[in-house]
Amino acid sequence: MKLQPKKGTGNIIKSSSDRLMAHLGVPLVIAALMCSALFATAVQAATLLDPRPESSTTYFGFSIAVVGDVDGDGVPDLAVGAPFQDGDFAVNNGFGPPQDVGKVWLISGATLGVITQLNDPYFQTPNPTKFGGFFGFSVAGVGDLNHDGVPDVLVGVPHHTNFAADRVNCGEAFVFSGRDGSIIFTLNDPDEAEGNRMGYAVASLGDVNGDGIPDLLVGVPKKDTPAGLPDVGSAYIFSGADGSFIRSLDPPAQGGRRQTAGSAQPWLMPGMLTVMAYPIFLLARRGKVGLTFLTARLARLSAQ
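A brief report on the enclosed structure follows.

Cut-offs applied
Residues numbered from 1 in each chain as written. Predicted model: local features only at pLDDT ≥ 70, side-chain atom pairs only at ≥ 80, totals over all residues. Heavy atoms only, no water. Helix = DSSP H or I, 4+ residues; strand = E, 2+ residues; numbered from the N terminus. Contact = heavy atoms within 4.5 Å. Phe/Tyr/Trp six-rings, centres within 6.5 Å; stacked < 30°, edge-to-face > 60°. Buried < 20%, exposed > 50% of the residue type's maximum accessible area, 1.4 Å probe, protein only. Salt bridge = Lys/Arg side-chain N within 4 Å of Asp/Glu carboxyl O. Polar contact = N/O pair within 3.5 Å; in protein donor to acceptor, adjacent residues only side chain to side chain. Pairing = 2+ DSSP bridges. Axes fitted to C-alpha atoms, helices over the stretch in contact; angles between N-to-C directions.

### With respect to the environment of V208
At step 1: Positionally, V208 belongs in the loop between strand 9 (202–204) and strand 10 (216–220).
At step 2: Taking the C-alpha atoms as reference points, V208 and S239, 31 residues apart in sequence, are found 8.2 Å from one another.
At step 3: With residues up to four places along the chain from it excluded, the contact list for V208 reads D215, I237 and R247.

The structure is reproduced here in structure tokens:
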């Protein structure tokens, strides 16, 4: 025997659920909108904008690093690079302020406000140079190197020009004090070759030379080998105590063998011989066919 619901029970249940949703629907929608607004506000508060926006591209945020607590509020702070930021001084060079000078800002991790602005020292006075060196192309926190209780910052300038030697894109790197933005060390390419682009990448190392102070690593991606192979690249280790050059890290030879300028790869020789021999074979084959055809033609003419 099946139990049948009383007449009208289903309608009562349906109408009750509708009334419940009608009562709860509006508060639920309002709660959802409030949560969305709070989430959007939180995202907006975490957005870090260029402190000095320009009409042209600055590439603010191209490089970024956590550098430790610079302002002493217990929250780790940030170094943010804008390597295409223009210079501060307009001079008579046809461009106005030098372009692509670059800047780095130390940003509070708690408030996202600017703590310190780091500048390329070569462009702090009016400079007739038209283009800068992409200061801030790379940044790294390196710890407290000058022992003042505040972490310091390493900044790469890969397109720096050696004005004294008139060599472009040699590259350079600077260690700045996190306390006041002053320069602690200037790291120069011991090779000083044009186009090496030292400072393309920078990093903090452990204690390499055993003096108890972390050392510094700077990338040199366009350095040639002593044998003359172009753009093989290298990396330099500098002392964190005084900024002196310790040694270079050169890439291992490919395939376990070091290739020198003017020497061919072993696998290349058979391939070259094959490529050269095949057209000769075709020409010889065509010549043989042509010679046979010509001989047969002459024989027929003689028979006539």
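### Digging into the packing of aromatic side chains
At step 1: Per the stated rule, a full pass over the model turns up 14 aromatic pairs.
At step 2: Arranged with centres 5.9 Å apart and planes meeting at 65°, the rings of F60 and W105 form a pair that is edge-to-face. Separated by 45 residues along the polypeptide, F60 in the loop between helix 1 (9–45) and strand 1 (63–68) and W105 in strand 3 (residues 103–107) bring together distant segments of the chain. Pair check on accessibility: F60 and W105 agree, each one buried.
At step 3: The structure contains a cluster of three or more aromatic residues connected by ring pairs, namely Y59, F62, F84, F134, F137 and Y200.

### Structural notes on the pattern of salt bridges
Between side chains of opposite charge, a pair can form when the charged atoms approach closely.
At step 1: Considering all chains together, one arrives at three salt bridges under this definition.
At step 2: D148 is paired through a salt bridge with R179; the nearest N and O atoms lie 3.4 Å apart. With D148 in the loop between strand 5 (138–143) and strand 6 (152–157) and R179 in the loop between strand 7 (172–176) and strand 8 (183–188), this pair connects stretches of sequence that are 31 residues apart.
At step 3: For D148, a relative accessible area of 23% corresponds to the partly exposed category.
At step 4: Its salt-bridge partner being D231, residue K222 comes within 3.2 Å of it at the nearest N-O pair.
At step 5: In this structure K222 comes out as partly exposed when scored by relative accessible area, which is 30%.
At step 6: Classification of D231 as partly exposed rests on a relative accessible area of 41%.

### Regarding the side chain of S177
At step 1: If you trace the backbone, S177 turns up in the loop between strand 7 and strand 8.
At step 2: A distance of 3.1 Å separates a polar side-chain atom of S177 from the backbone nitrogen of R179.
At step 3: Residues within four places of S177 in sequence aside, it is in contact with N146, D148, D152, S182 and I184.

### Description of the sheet that holds strand 8
At step 1: The sheet built from four strands is open, its strands ordered 5-6-7-8 with antiparallel pairing. For this open sheet the edge positions go to strand 5 and strand 8, each flanked by a neighbour on one side alone. Between one strand axis and the next, the sheet turns through 20° on average, direction left out of account.
At step 2: Across five bridges, strand 6 lies against strand 7 in antiparallel orientation.

### Focus: the sheet that holds strand 11 (residues 234–238)
At step 1: Read across the sheet, four strands follow the order 9-10-11-12 without closing on themselves; strand pairing throughout is antiparallel. Of all the strands in the sheet, just strand 9 and strand 12 (245–249) have a single pairing partner and so form its edges. Each adjacent strand pair in this sheet contributes to an overall mean axis angle of 20°, direction not counted.
At step 2: As judged from the five bridges shared by strand 10 and strand 11, these two strands associate in the antiparallel manner. Bridge pairing in strand 11 links L216 to F238.

### Points about the pairing of strand 4 (residues 114–119)
At step 1: Of the pairings in the sheet, the one linking strand 3 to strand 4 comprises five bridges and is antiparallel in character. Bridged to K103 within strand 4 is N119.
At step 2: Connecting strand 3 to the antiparallel partner strand 4 that follows it, the hairpin turn spans six residues, and L112 within it adopts a positive phi of roughly 65°.

### A closer look at the side chain of D86
At step 1: Positionally, D86 belongs in the loop between strand 2 (77–82) and strand 3.
At step 2: Looking at D86, the relative accessible area reads 18%, which means it is buried.
At step 3: Excluding its chain neighbours within four sequence positions, the residues that come into contact with D86 are E54, S56, P98, Q99, D100, V101 and K103.

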